[in-house]
Amino acid sequence: MIRLNLLPKNLRRRVEPGWWRLAAAALALVVFLALGFLHYTASTELALAKQERDALKAEVEALRPFIQEQNRLQQERKTLEALLAIREGLRKNFVPWSEYLAAFIRQIPQEGGRFPVALRSVGARALSEEEASQQAQTGVFDGKKVRVEFTLQGEALNQGALVRFIQAFEASPRFGIEFQGASLDQNRGLYTFSARIGVVGGEADVR
């Protein structure tokens, strides 16, 4: 049967082409596939991240005893370093007083097996590294860097004995002397004097 549409063109029913339906369906399919791909990718990455986290946890648990042992050894090392620092400080600040005093007495000149100089008082003190350097720079004790300083007052039988006493400490590389003064006691015929004597270096130098 043949159908004729005798209506004017402006009143006729318009039939739209079907390509836009195909385009819309294709677009929806593309969006769906993209969303599915993104979901799959995110799920895969999340699963891999969880696997990596679990592997790291297992590795940490396996290494925990070694980590604890390392921490213990580090703590033990710090303790030993602190003890060594204390020992080094004590060794550095240790003063062998008996050695210094013996060396000082041995340096006093004798005449006929007797000391012509008698010491009425002797004081001693150890010098810090900074103080010893300052004294050496200022020329005290002939510029020698001393470790221990003796402050003394004494009496000499005569002027010659006093001079020999001073020269004994001036000439020795182990000692330095700062003579402070002397006076003659007319009543007893003795010379009274005062001086400071410095001892150079450590224990090995005074032996």
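Quick summary incoming for the structure in this document. Being a predicted model, the structure only gives us computed values, none of them experimental.

Thresholds applied
- Residues numbered from 1 in each chain as written.
- Predicted model: local features only at pLDDT ≥ 70, side-chain atom pairs only at ≥ 80, totals over all residues.
- Heavy atoms only, no water.
- Helix = DSSP H or I, 4+ residues; strand = E, 2+ residues; numbered from the N terminus.
- Buried < 20%, exposed > 50% of the residue type's maximum accessible area, 1.4 Å probe, protein only.
- Contact = heavy atoms within 4.5 Å.
- Areas by Shrake-Rupley, 256 points an atom, 1.4 Å probe, with all protein chains shown as cover.
- Expected span 1.5 Å × (residues − 1).
- Polar contact = N/O pair within 3.5 Å; in protein donor to acceptor, adjacent residues only side chain to side chain.
- Phe/Tyr/Trp six-rings, centres within 6.5 Å; stacked < 30°, edge-to-face > 60°.
- Pairing = 2+ DSSP bridges.
- Axes fitted to C-alpha atoms, helices over the stretch in contact; angles between N-to-C directions.
- Core = buried A, V, L, I, M, F, W, Y, C linked by side-chain atoms within 4.5 Å.

Next up on the list: the overall build of the protein. Scanning the protein from N- to C-terminus turns up five helices and four strands. Per-residue burial for the protein yields a buried fraction of 22% across its 207 residues. Taking as baseline every contact in the protein between residues at least 6 positions apart, the subset at least 24 positions apart corresponds to 68%. Per element, the accessible surface of the protein, about 15500 Å² overall, is 59% carbon and sulfur.

On to helix H4 (residues 159-171), then. The first and last C-alpha atoms of H4 sit 18 Å apart over 13 residues, in line with the 18 Å expected at 1.5 Å per residue. Packing partners of the buried residues in H4 comprise helix H2 (97-107), strand E1 (117-126), strand E2 (146-156), strand E3 (175-185) and strand E4 (190-200). For H4, the capping residue at the N-terminal end is Asn-158, with a side-chain oxygen 3.2 Å from the backbone nitrogen of Gly-160.

Moving on, we get to unusual backbone geometry. Phi angles above zero are rare outside glycine, and Phe-141 is one such case at about 60°. Relative to the helices and strands, Phe-141 resides in the loop between helix H3 (129-138) and E2. Even without a glycine there, the phi angle at Asp-142 is positive, about 60°. Mapped onto the elements of the fold, Asp-142 is located in the loop between H3 and E2. Judged by relative accessible area, which is 55%, Asp-142 ranks as exposed.

As a further point, take the packing of aromatic side chains. As enumerated under the stated definition, the model contains five aromatic pairs in all. Centre to centre, the rings of Phe-104 and Phe-150 are 4.9 Å apart; their planes meet at 20°, and the pair counts as stacked. Residue Phe-104 is found in helix H2, and its partner Phe-150 is found in strand E2; the two are separated by 46 residues along the sequence. The buried category is assigned to Phe-150, whose relative accessible area is 2%. On the basis of an interplanar angle of 85° and a centroid distance of 5.3 Å, the ring pair of Phe-169 and Phe-175 is categorised as edge-to-face. Just as Phe-169 is buried, Phe-175 falls in that class too. Taken together, the aromatic side chains of Phe-104, Phe-150, Phe-165, Phe-169, Phe-175 and Phe-193 make up a single cluster linked through ring pairs.

Bringing the sheet that holds E4 into the picture now. Taking strand neighbours across the sheet as the criterion, the four strands line up as E1-E2-E4-E3 in an open arrangement whose pairing is antiparallel. Lying at the two open borders of the sheet, with one neighbouring strand each, are E1 and E3. With strand direction ignored, the average angle separating the axes of adjacent strands in the sheet is 15°. With 10 bridges joining them, E3 and E4 adopt antiparallel strand pairing. Note on E4: the bridge partner recorded for Leu-184 is Tyr-191. Sitting on the sheet, H2 is in contact with E1, E2, E3 and E4, with an inclination near 45° to E2. Against the sheet, H4 makes contact with E1, E2, E3 and E4, and its axis sits at roughly 170° relative to E3, the strand it touches most.

Looking now at the nonpolar core. Ranked by size, the top nonpolar core spans 21 residues in total, and within it Phe-104, Phe-165, Phe-169 and Ile-197 carry the most contacts. Looking at this core, the elements with two or more residues in it are H2, E2, H4, E3 and E4. It is H4 that provides the largest number of residues to this core, a total of five residues. For Phe-165, the contacting residues outside a window of four places in its chain are Ile-108, Pro-109, Val-117, Leu-152, Ile-177, Phe-193 and Ile-197. If you look at the next biggest cluster of nonpolar residues, it comprises six residues, including Leu-127, Val-140, Phe-141 and Val-146.

On their own, these measurements won't tell you what the molecule is for.
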